[in-house]
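# Close look at the chain arrangement
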Amino acid sequence: AQSVTQLGSHVSVSEGALVLLRCNYSSSVPPYLFWYVQYPNQGLQLLLKYTTGATLVKGINGFEAEFKKSETSFHLTKPSAHMSDAAEYFCAVSPSSLRGYGKLTFGQGTILTVHP
Amino acid sequence: EAGVAQSPRYKIIEKRQSVAFWCNPISGHATLYWYQQILGQGPKLLIQFQNNGVVDDSQLPKDRFSAERLKGVDSTLKIQPAKLEDSAVYLCASSPRGHTEAFFGQGTRLTVV
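All chains use their own residue numbering, which begins from 1 and follows the written sequence. The naming scheme follows written order: chains are lettered A onward, ligands numbered 1 onward. Residue-level local features of this predicted model are given only where pLDDT is at least 70; pairs of side-chain atoms are given and counted only at 80 or more, and the full residue set underlies all totals for whole chains, interfaces and linings. Each side-chain value is derived from all of the structure's non-hydrogen atoms; neither hydrogens nor water enter the calculation.

## Notes on the overall build of chain B
We apply this condition: Counting from the N terminus, the helices are DSSP H or I runs at least four residues long and the strands are E runs at least two residues long. Put simply, the radius of gyration uses C-alpha atoms, and a globule should come to 2.2 Å times the residue count raised to 0.38. Burial status follows relative accessibility: with a 1.4 Å probe on protein chains alone, a residue under 20% of its type maximum counts as buried, one over 50% as exposed, and anything between as partly exposed. What makes two residues a contact is simply this: any of their non-hydrogen atoms within 4.5 Å. Per-residue accessibility takes into account occlusion by the displayed protein chains alone, with areas from the Shrake-Rupley method and a 1.4 Å probe.
Counting secondary structure elements, chain B contains zero helices and eleven strands. Element order for chain B, N to C, with α for helix and β for strand: β-β-β-β-β-β-β-β-β-β-β. The C-alpha radius of gyration computed for chain B amounts to 13 Å, which stays within 12% of the reference 13 Å derived for 113 residues, consistent with globular compactness. For chain B, the C-alpha atoms occupy an extent of roughly 40 × 25 × 25 Å along the three principal directions. The buried share among the 113 residues of chain B stands at 46%. For chain B, long-range pairs separated by at least 24 residues make up 52% of all intrachain contacts whose partners lie at least 6 apart in sequence. Accessible surface for chain B amounts to roughly 5500 Å². Of this, 50% is attributable to carbon and sulfur atoms.

Below you can see the structure in the form of structure tokens.
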């Protein structure tokens, strides 16, 4: 079974400050890893994903995440926060087998607040 | 490219009533998912279709929930009878065969009173 833990249900930063959202996973085999963003009353939008290859993954809107197998982590970062980054962020895992593609297990979510 | 379409966006019903949600996936996407997102939680997979066949419905409460995907395109999710704890956002997602991520619709927010 797979699970995801997001540390901190709420994170608050100032505009221009570093954004760091933490995600740890549990899986018996190396999974695929994802970060999604959800704006109020909207669906989920993919920010970035890790499947294979380079462990530092760059996504949309200046976000990036690094897969660290030894720490079972996939933390999301952005060097400089913008007001438009305020949203809820979800870390997710899926099996790396073809049959498991898209079968996402989500964390509880982290609400990011950006102060002027 | 049009995204995943869902309707209605909002629905309020009384407990013990029935309700149905509709989803139209992105054209050509073979795989369709229904997720339930309870307030304050991450989405939880209810059912996965590959074309018009069910791949995984292990987390679908089959005593009250049902879903179908006729002709491998549109899908409907039904709850009958609804309970208060079914209040949630129901998200539909789709992906092409062999694709690693899912593309989500805007969801249907259900309130059971």
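## Concerning the nonpolar core
The test is simple: By nonpolar core we mean a set of buried residues, namely Ala, Val, Leu, Ile, Met, Phe, Trp, Tyr and Cys, connected to one another through side-chain atoms within 4.5 Å.
Membership of the largest hydrophobic core comes to 26 residues, with the highest contact counts inside it found for Trp 35, Leu 47, Leu 48, Phe 74, Leu 76 and Tyr 89 of chain A. Among the nonpolar cores identified, the runner-up in size contains 21 residues, and Val 19, Ile 47, Ala 82 and Val 112 of chain B belong to it.

## A look at the state of the cysteines
Residues and elements named next belong to chain A. Just so we agree on the cut-off: Criterion for a disulfide: a pair of cysteine sulfur atoms at a distance within 2.5 Å.
Overall, the coordinates contain two disulfides over all chains when judged by the stated rule. Note that Cys 23 is cross-linked by a disulfide to Cys 91, the S-S spacing being 2.0 Å. Between Cys 23 and Cys 91, the S-S dihedral sits near -65°, and the bridge is therefore left-handed. Taken together, the residues span a long stretch of sequence, with Cys 23 in strand 3 (residues 19–26) and Cys 91 in strand 9 (residues 87–94) at a distance of 68 residues. On the accessibility criterion, Cys 23 (0% relative accessible area) is buried.

## What to know about the pattern of salt bridges
Keep this limit in mind: We define a salt bridge as a contact between a side-chain nitrogen of Lys or Arg and a carboxyl oxygen of Asp or Glu at a distance within 4 Å.
Summed over the entire model, instances satisfying the criterion amount to six salt bridges over all chains. A salt bridge links Lys 58 of chain A to Glu 64 of chain A; the shortest N-O distance between them is 2.8 Å. Its salt-bridge partner being Lys 62 of chain B, residue Asp 57 of chain B comes within 3.7 Å of it at the nearest N-O pair. Judged by relative accessible area, Asp 57 of chain B falls into the partly exposed class, the value being 26%.

## Some words on the interface of chain A and chain B
The line we're drawing: Buried area, as used here, totals the accessible surface that two parts lose on assembly, with accessibility defined by a 1.4 Å probe and the loss added over both. As used in this structure description, the phrase polar contact means that two N or O atoms lie within 3.5 Å; if the pair is within protein, one of them must be able to donate a hydrogen and the other to accept it, and residues adjacent in sequence are counted only when both atoms belong to side chains.
Between chain A and chain B, the residue contacts involve 21 residues of the former and 23 residues of the latter. Buried area between chain A and chain B, summed over both chains or domains, comes out near 1800 Å², and the portion from carbon and sulfur atoms is 49%. Broken down residue by residue, the surface that chain A buries against chain B is led by Asn 41, Tyr 101 and Lys 103 of chain A, which jointly contribute 26%. Linking chain A to chain B there are two salt bridges. When the shortest N-O distance is used, the salt bridge between Lys 103 of chain A and Asp 56 of chain B registers 2.8 Å. The interface formed by chain A and chain B includes eight residue pairs in polar contact (both at pLDDT 80 or more). Put simply, the parts of the chain that give the side of chain A that touches chain B at least two residues each are strand 4 (32–38) and strand 5 (44–50) of chain A. Among the elements that line the side of chain A that touches chain B, the one with the most residues is strand 4 of chain A, at four residues.

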